[in-house]
Amino acid sequence: VRARMAELAQYFPPGIDWEVPYDTSKFVGISIREIVKTLIEAVVLVFLVMYLFLGSLRATLIPTIVVPIALTGSLVGLYFFGYSINVLTMFAMVLAIGILVDDAIVVVENVERIMTEEGLPPREATRKAMDQIVGAIIAITLVLTAVFVPMAFFPGSVGAIYRQFSVTLVLSMAFSALMALTLTPALCATLLKPVSETGHPEDHKLVGWFNRWFRRLTARYQSWTARVLRRIAFALLFFVLMLGITGVLAYRLPSSFLPEEDQGYFIGVVQLPAGATRERTLEVVEQVEQYYLSQPEIARVLSVVGFSFLGRGQNGAIMFVTLKDWDERRANESHAKSVIGRANETLARIKQAFMFAVNPPAIPELAALGGFDFQLQDRAGLGRAQLMEARDRLLQLASQDPNLAGVRAEGQPPAPQLFLDIDKVKAAQLGIDINQLNDTLSIALGSAYVNDFVRQGRVL
C-alpha cells in the first residue's frame, strides 16, 4: 500500500500530500523483531550449552541448523490452516523455541555418547542411537501434543485466545520431531567425526575446565540431596511452606482478563445526546483533538464523525489516536495504559458528551473495545421499555462488581423520528415499486445488513 501510494503521489495536485495516520502493522513488526531477537538468543544459548557439554563445534552446529528449519515448517503449516503472523502465533513461537531444540539435543548427545563409549564411527553410532531413542522422541511429542491439542477445541473467549496459540505449538513440535527423525540423524552421520580424530573433550582447555567444575557441582548436589533425604520431615515441611507462600502471592497479585498491550495507538469514542447535530459533534471532537495533540506521547489523531462502536449517527464519532514510536516512550507514564487513564480523567470533565478512551484488544475476536460483550434479549416479548429497564438494572449491578471495570451500554438511545409521507399514486405513475422505494430510503438514511463471511478463520 505504501509503495502504491508513493507511486500515485506523483500525480497529486500541487500542495497535496499523504501520510498514514493509523497503521496497526507497526505493532506486528515490533513483535516480529522480538521473535527474531528471542530466536537469536536461543540459538546462542544452545550453541554455548552444546559446546560446553560436548566440546565439539560440529555437534553444536546441528541443533543450530534444525531450529530455524522447524520454525519455517510451522509457518508453512500456519499458512495452510489460514492463520497469520499475529501476537498469538508469535507468542507460541517464542515458547516453541525452547522446545524445538530438545529433540535435536537428545539425538546429538546420544550419538556422541555411543561414539565416545563404544568407539563406533558416526554412521554406525547414529544408527544405533536412533534405534534406542526413536520411541522416546515419538512419545515425548505425543505427550506434549496431548497437552496443547485440546486447547484448540475450546469454545467462547478461551477458544479465541488459545486456538491459534495451540495450533502453532503443535505444528512446531511436530516439525521438531520430524527433524529429529530425519534431518538431525543425517547431519550427525555426515558432520560428526570419530573421537579418535577430534580428541576427547577433556583435552580442550575450556571444555575440560567446565566438565571438572560441573562434576564437582554435581557431587555437591548429590551430597545435599542425600542430606535432605535423611531429614525427610524437614524437607516436606519446607515444601509445604513454599506451597503456602506461592498460594498467598497468587492470591494477592492483581488479575485481569487479558494483559493490555501497548500497540502504539488507542481508540476514543464520542457520544452526544440523541438528536445532536453534526455541528455540535464537530465542536466536541475538535476540543478532544486539541487535548490529545497537546500530550507529548501522541503523534496524530484521526477522527471520523457519524460512526462509532456505539452506533451510527451524526451525534457520534470515533477517534484513532496514534502514539509516538515506542523508543520515544520508554517511561512508565508514557505507556498507552497511562495515557488512556489520564485521557479518561480529563475527558470526564467535558459535560457536552459521553466520551472515553480504550486500549484495543490484543485479540480482535474478543469484542470491539476489549473485554467482552453481552447481548440482552427480550425473549418474553415484553417490549422496548421493559428491555431498557432490565438493561439499566443489569448495568447497575455489574458496575458494583469489583471484578468488572468500564461497564457501559452499547447502541444509540432513542432519537427523534422523521415521518415520510409517500405519494403512492404518483410513485405508481412513475413506475416506481413501493418496496424498492422503501429499501432505498432505508439504506440511504440508515444501513443495510447483507450477510457475514469467513476470511482467515474470522467471521466478518
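Overview of the structure. (Residues numbered from 1 in each chain as written. Predicted model: local features only at pLDDT ≥ 70, side-chain atom pairs only at ≥ 80, totals over all residues. Heavy atoms only, no water.)

Comments concerning the overall build of the protein
Helix and strand counts for the protein stand at 15 helices and six strands. Structurally, the protein occupies a C-alpha span of about 105 × 60 × 50 Å along its principal axes. Put simply, the protein has 460 residues, and 31% of those count as buried. Considering only contacts in the protein between residues 6 or more positions apart, those separated by 24 or more positions represent 68%. With the model as given, the accessible surface of the protein reaches about 29,600 Å², and the carbon-plus-sulfur share is 61%. The protein carries 41 positive and 42 negative side-chain charges, and their two centres are separated by 7 Å. (Helix = DSSP H or I, 4+ residues; strand = E, 2+ residues; numbered from the N terminus. Buried < 20%, exposed > 50% of the residue type's maximum accessible area, 1.4 Å probe, protein only. Contact = heavy atoms within 4.5 Å. Areas by Shrake-Rupley, 256 points an atom, 1.4 Å probe, with all protein chains shown as cover. Lys, Arg positive; Asp, Glu negative; His and termini not counted. Charge placed at Lys NZ, Arg CZ, Asp CG, Glu CD.)

Observations regarding helix α12 (residues 336–347)
In this model, α12 (twelve residues) spans 16 Å end to end at C-alpha, consistent with the 16 Å of a helix rising 1.5 Å per residue. Residues of α12 that are buried: Ala 336, Val 339, Ile 340, Ala 343 and Leu 347. Take α12 and look down its axis: the buried residues cluster within an arc of 100°, on one side only. Turned more than 90 degrees from where α12 packs its buried face, Lys 337 and Glu 345 sit exposed. On its buried side, α12 packs onto β1 (265–271), α11 (278–293), β2 (298–308), β3 (311–323) and β4 (354–358). (Expected span 1.5 Å × (residues − 1). Arc of directions from axis to C-beta.)

Some thoughts on the pattern of salt bridges
In this structure the tally under the stated criterion is ten salt bridges. For the salt bridge of Glu 19 with Arg 300, the shortest nitrogen-to-oxygen distance reads 3.6 Å. Of the two residues, Glu 19 is situated in the loop between α1 (2–8) and α2 (25–54) and Arg 300 in strand β2; the sequence distance between them amounts to 281 residues. Here Glu 19 falls in the exposed class, since its relative accessible area comes to 54%. Here Asp 262 makes a salt bridge to Arg 329, at a shortest N to O gap of 2.9 Å. One end of the pair, Asp 262, is in the loop between α10 (232–252) and β1; the other, Arg 329, is in the loop between β3 and α12, and 67 residues separate them in sequence. (Salt bridge = Lys/Arg side-chain N within 4 Å of Asp/Glu carboxyl O.)

Details of the packing of aromatic side chains
Counted by the stated rule, this structure contains seven aromatic pairs. Seen in terms of ring centroids, Phe 210 and Trp 213 are 5.9 Å apart; in terms of plane orientation they differ by 40°. Their pairing is tilted. With a gap of three residues between them, Phe 210 and Trp 213 both fall in helix α9 (residues 205–230), about one helical turn apart. Classification of Trp 213 by relative accessible area gives partly exposed; the value is 37%. Taking 5.7 Å as the distance between ring centres and 50° as the angle between the ring planes, the aromatic pair formed by Tyr 291 and Tyr 292 counts as tilted. One exposure class covers both Tyr 291 and Tyr 292, and it is buried. Every member of this aromatic cluster is reached through a ring pair, and the members are Phe 210, Trp 213 and Phe 214. Positioned above the aromatic ring of Trp 224, the side-chain terminus of Arg 227 is 5.2 Å from the ring centre. (Phe/Tyr/Trp six-rings, centres within 6.5 Å; stacked < 30°, edge-to-face > 60°. Lys NZ or Arg CZ within 6 Å of the ring centre and 35° of its normal.)

Remarks on the packing of α2 against α9
Axis angle and axis distance: for two packed helices, these are the angle between their axes and the distance between the axes, and together they describe the pair. At a minimum axis separation of 8 Å, α2 and α9 run at an interaxial angle of 85°. As summarised for this structure, α2 and α9 are arranged roughly perpendicular, according to the angle between their axes. Every residue of α9 that contacts α2 at Tyr 51, Leu 52 and Phe 53 is listed here: Leu 206, Val 207, Phe 210, Asn 211 and Phe 214. Of the residues that constitute the contact of α2 with α9, the class distribution is seven nonpolar, one polar and no charged. (Axes fitted to C-alpha atoms, helices over the stretch in contact; angles between N-to-C directions. Parallel < 35°, antiparallel > 145°, perpendicular 65-115°, else oblique. Nonpolar A, V, L, I, M, F, W, Y, C, P; charged D, E, K, R; others polar.)

Concerning the environment of Pro 21
Here Pro 21 lies in the loop between α1 and α2. The spacing of Pro 21 and Arg 300 is 279 residues in sequence and 6.5 Å in space, taken between C-alpha atoms. When neighbours within four sequence positions are excluded, Pro 21 is seen to be in contact with Arg 300, Leu 302 and Thr 322.

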